[in-house]
Amino acid sequence: MRMKLHLPNSAFIGNIDSFLRGFVPSDPGSLTITSNPNWVSVHPLVLVMLASLSADLKPGSITIDNFEAKSKNYFERMGLFKFLGIQSGISIVKHESAGRFVPITQIKDSITLSQFVTDIIPLLHLDPLQTESIRYIVSELVRNVLEHSRSPHGAFVAAQYYPKSNSIKIGVADTGVGIKESISHSHLVKTNLEAIRLALMPGITGTTKQEGGTSQNAGAGLFFIKSIAHVNHSLFAVYSGSGFYKLLKNTKKSLPFDPFVDNHSKHNDFPKWQGTIVGVDISLDNTPEFTSLLDLIRQSYRDAIKSRRPKRYNKPQFI
Amino acid sequence: MIINLFKLTGDFAENKDTAQSIRLEHILPGLTQGKTITIDFDGVTGTTQSFVHALISDPIRQFGGGVLDRLKFKNCSPVVQKIIVIVTEYMQASDL
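Residues numbered from 1 in each chain as written. Chains lettered and ligands numbered in written order. Predicted model: local features only at pLDDT ≥ 70, side-chain atom pairs only at ≥ 80, totals over all residues.

Colleague: I'd like a rundown of the overall build of chain A, residues and numbers included.
Modeller: Counting its regular elements, chain A contains 10 helices and 12 strands. By the compact-globule yardstick of 20 Å for 319 residues, chain A fits well, its C-alpha radius of gyration being 20 Å. In terms of overall dimensions, chain A has a C-alpha envelope of 75 × 45 × 35 Å along the principal axes. When each of the 319 residues of chain A is scored for burial, the buried share is 47%. (Helix = DSSP H or I, 4+ residues; strand = E, 2+ residues; numbered from the N terminus. Rg over C-alpha atoms; globule rule 2.2 N^0.38 Å. Buried ≥ 20, exposed ≤ 12 C-beta atoms within 10 Å, placed from the backbone.)

Take a look at the structure:
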């Protein structure tokens, strides 16, 4: 049975659950894509999900059934058909005013990532205050993939500005080992969701059990990104294996270090995604000073270390 | 010894491979020789926690928190300063 993915009328982080539940992973050697016949409007994470799936497939093993949606132009402009290896039959005239977006980009090494982070800022027409968060998020998410996913295809990333919500939506996907496999090297985890929880806590990394991490890894990257979304009152989602975590919009001022204390939804029974997908929305209306955000992160990080400290002492045994 | 970061990283210091090279080729050897190291962030407008961690966590672990008397940070923007503070705090807290 072929892998199947249906592009609905709408799939953004807020309503992404039903789209992901409709993913049929089955045979990883072929993929059938179907779509809503009228209009398809999706978060960039959906695009990078498709692009990363296609990287593992041989040419000709992807079929698109009756893809007549009027939004086909958008997918062409974002580079999706190129990654799928399918001719869309559409020719796009590129011009500067076309919009603020970053088409799907595959990143396989550190140098390409550094250049990409520099290049995306003018594409998204960001002012300096907004630049801080966006480049931070993209750099850390893609670097996570390059360091931990062990995928030969690297990371797939895309971003789009949405004028109606005045927000930037970012998606990053890989088809690597997934968070559970990665974090299991140093922590005992039974489920994908448990692994996601640990990955979102500050100071926990798959590279070591040691507090403070290794010389190259602290285990704080995803925590920082979730924190940026939290302070920005924005949505954030992680999907890996059968686990799915979604940070819902927050009104709290405090920043909990435990993602399960945050306002969230979670599932551990999603169709298995071999790898990891992360989506983030950043509202440009709510962009706080990055320095204020860092103050909250600093306090939350302190709380996390403090909470773990008693567990590091040996307990006396009373016999 | 002064390390001019901008020449190596550009205005956004995020490449951890670069941080590792600076740490291994300049910071750790300099500290081992008893030198004072100044990392000059002039022109660097932003950085990531991962970059700063890759740059200075190992020196703090190897030499202890006291190394911050010999490892100095110059021309840091408020954002860069705060990220450095976060990393130095959790590294020292980890040793308690």
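Colleague: Describe unusual backbone geometry, naming the residues involved and giving the relevant values.
Modeller: All names here are of chain A. Its identity is not glycine, yet His 125 carries a phi of approximately 55 degrees, on the positive side. Its location among the elements puts His 125 in the loop between helix 5 (110-124) and helix 6 (128-148). Backbone geometry places His 233, a non-glycine residue, at a positive phi of 55 degrees. Examined against the element boundaries, His 233 turns out to sit in the loop between helix 9 (221-231) and strand 9 (236-241). When the 16 C-beta atoms within 10 Å are taken as the criterion, His 233 is described as partly exposed.

Colleague: Pulling in residues and values, what's your account of the sheet that holds strand 10 (residues 243-247) of chain A?
Modeller: All names here are of chain A. Spatially, 6-7-8-12-9-10-11 is the arrangement adopted by the seven strands of the open sheet, whose pairing is antiparallel. Edge positions in the sheet fall to strand 6 (101-107) and strand 11 (264-267), since each of these pairs with one other strand and no more. Each strand of the sheet is rotated relative to its neighbour by a mean of 5 degrees, with strand direction disregarded. As paired strands, strand 7 (residues 155-162) and strand 8 (residues 167-174) are joined by seven bridges and run antiparallel to one another. (Pairing = 2+ DSSP bridges. Axes fitted to C-alpha atoms, helices over the stretch in contact; angles between N-to-C directions.)

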